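Given next are the chains, with one letter for each unit.
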Amino acid sequence: MPRNGWALGSATRPAGRAGDRGDTRAGGRAEPGVGMLFAALGPLEVWRASGERIRIDQQKKRVLLLAMLVHPGRWTSVEQLRLALWQDAPPRSAMGNIKTYLSELRHTLPPPGGAAEEREAVTVVGPRASVLRRPVGPGRIESRPGEYRLLVDADEFDVLRFDRDVAAGRQAAREGRWRPAADLFEQALGWWRGNAFDELPAEVGGAECLRLDEARWAAREELIDARLALGETDAVLPALRALTVEFPTRERLWAQLLTALERTGRRAEALHEYREVYRRLVTELGIEPGAELRRVHRQVLESASPTDTAPVATVNRR
């Protein structure tokens with residue numbers, strides 16, 4: 001699976017750091033021991049361990065697969081699948097169509113790791129017709145009355161790997177291990193290639209998309225915290241400049257920008273930036289800056305030592 005990382009990742013890491021490590025994701029394959037990879041943090045992609053991409057070109061089948069990936073390994077009702085495909089206007093043939101699409105997906109996707117080898121079922125189409133051979137046996141999609149589920153191991157889904165990398169990065173940060181923390185946050189953000197579950201309607205994927213978007217933002221900010229803690233202030237400043245322009249109401253970014261400016265000896269510039277964000281929050285939103293931004297402002301006013309490498313904010317304990 002191609003790995004693009006997060007849009008401003010190169011601006012937050014010094015040369016020779018994260019990105020130099022070998023990463024099987026860059027070659028379009030799952031990692032050793034992983035049967036395949038489902039990628040939903042961007043346009044849907046499915047890869048075999050060998051690096052071969054499994055093409056699922058029909059839109060309805062892509063949507064069905066994504067609807068089951070929203071809750072990997074858990075049962076999804078037929079009603080949810082129908083909602084994902086047609087929202088409020090399903091055709092009369094909806095149930096039959098869903099069964100057909102799922103049957104085709106079963107034959108497209110390799111069985112989960114450890115499953116028995118598939119057998120070939122032979123169907124004689126007609127007296128002189130060709131014999132149709134189709135794989136049967138253990139598959140990725142299980143069914144029971146009114147529900148279906150997709151079998152996915154934790155290592156086989158980019159969403160689960162992103163969540164795991166973020167959790168590991170936070171643990172490292174809590175322990176003050178800033179280099180591993182930065183690398184783990186960088187690795188987590190590297191799974192993203194676009195918008196999560198972007199082919200699903202909001203009625204089905206909206207809540208998970210919101211959760212993932214916020215988790216992605218938190219990982220970005222925690223990566224910057226780790227870089228600041230490592231003293232890589234000059235490396236993160238360009239990213240912070242761009243992010244505060246594009247997302248001017250995210251106060252944590254402003255707090256990080258003020259800290260970075262103060263640590264590089266640009267105290268007057270930091271105070272100017274605070275006045276600008278203060279004016280924007282008060283005049284446009286009618287609110288005062290939050291506690292964290294006010295605390296960093298006080299720190300700048302008191303001329304805290306620029307060599308202090310404490311992180312800008314306490315890492316979220318989620």
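Below is a summary of the structure that appears in this document. (Residues numbered from 1 in each chain as written. Predicted model: local features only at pLDDT ≥ 70, side-chain atom pairs only at ≥ 80, totals over all residues. Heavy atoms only, no water.)

1. What to know about the nonpolar core
Among the nonpolar cores identified, the biggest contains 59 residues, and Phe 38, Leu 65, Leu 69, Phe 162 and Phe 197 are the most heavily contacted of them. Ranked by the residues each element gives to this core, the list is headed by helix H7 (residues 202–229), at eight residues. Every residue in contact with Phe 197, bar those within four places of it in the chain, is listed here: Ala 40, Leu 66, Leu 69, Val 70, Phe 157, Val 159, Glu 208, Cys 209 and Leu 212. Counting 22 residues, the second largest nonpolar core, distinct from the first, contains Leu 228, Leu 240, Trp 254 and Tyr 274. (Core = buried A, V, L, I, M, F, W, Y, C linked by side-chain atoms within 4.5 Å. Buried < 20%, exposed > 50% of the residue type's maximum accessible area, 1.4 Å probe, protein only. Helix = DSSP H or I, 4+ residues; strand = E, 2+ residues; numbered from the N terminus. Contact = heavy atoms within 4.5 Å.)

2. Some thoughts on the packing of helix H9 (residues 251–263) against helix H10 (residues 267–285)
One way to put it is that H9 packs onto H10 with a least axis distance of 8 Å and a crossing angle of 165°. Taken together, the axis directions place H9 and H10 in an arrangement best described as roughly antiparallel. Considering only the axes of H9 and H10, their crossing is left-handed. Listed contacts from H10 to Glu 251, Trp 254, Leu 257, Leu 258, Leu 261 and Glu 262 of H9 are Arg 267, Glu 269, Ala 270, Glu 273, Tyr 274, Val 277 and Leu 281. The residue makeup of the contact of H9 with H10, split by class, is eight nonpolar, no polar and five charged. (Axes fitted to C-alpha atoms, helices over the stretch in contact; angles between N-to-C directions. Parallel < 35°, antiparallel > 145°, perpendicular 65-115°, else oblique. Left-handed = near helix turned anticlockwise from the far one by under 90°. Nonpolar A, V, L, I, M, F, W, Y, C, P; charged D, E, K, R; others polar.)

3. Things to note about the pattern of salt bridges
Evaluation of the coordinates by the stated rule reveals 25 salt bridges. Measuring nitrogen to oxygen at the nearest pair gives 3.2 Å for the salt bridge that ties Glu 52 to Arg 48. Accessibility expressed as a relative area gives 44% for Glu 52, which makes it partly exposed. For Arg 48, a relative accessible area of 29% corresponds to the partly exposed category. Residue Glu 232 is joined to Arg 179 by a salt bridge in which the shortest nitrogen-to-oxygen separation is 2.8 Å. Of this pair, Glu 232 sits in the loop between H7 and helix H8 (233–246) while Arg 179 sits in helix H6 (residues 178–189), and the two are 53 residues apart along the sequence. Several salt bridges converge on common partners, so that one network encompasses Glu 214, Glu 221, Asp 225, Arg 250 and Arg 252. (Salt bridge = Lys/Arg side-chain N within 4 Å of Asp/Glu carboxyl O.)

4. What to know about the pairing of strand E6 (residues 141–144)
Residues in a regular strand point their side chains to alternate faces of the sheet. As defined by bridge partners, E6 adjoins strand E7 (residues 147–150) across four bridges and the pair is classed as antiparallel. Looking at E7, one finds that Arg 144 is bridged to Glu 147. Between E6 and the antiparallel strand that follows it, E7, lie two residues; Gly 146 among them carries a positive phi value of about 80°. (Pairing = 2+ DSSP bridges.)

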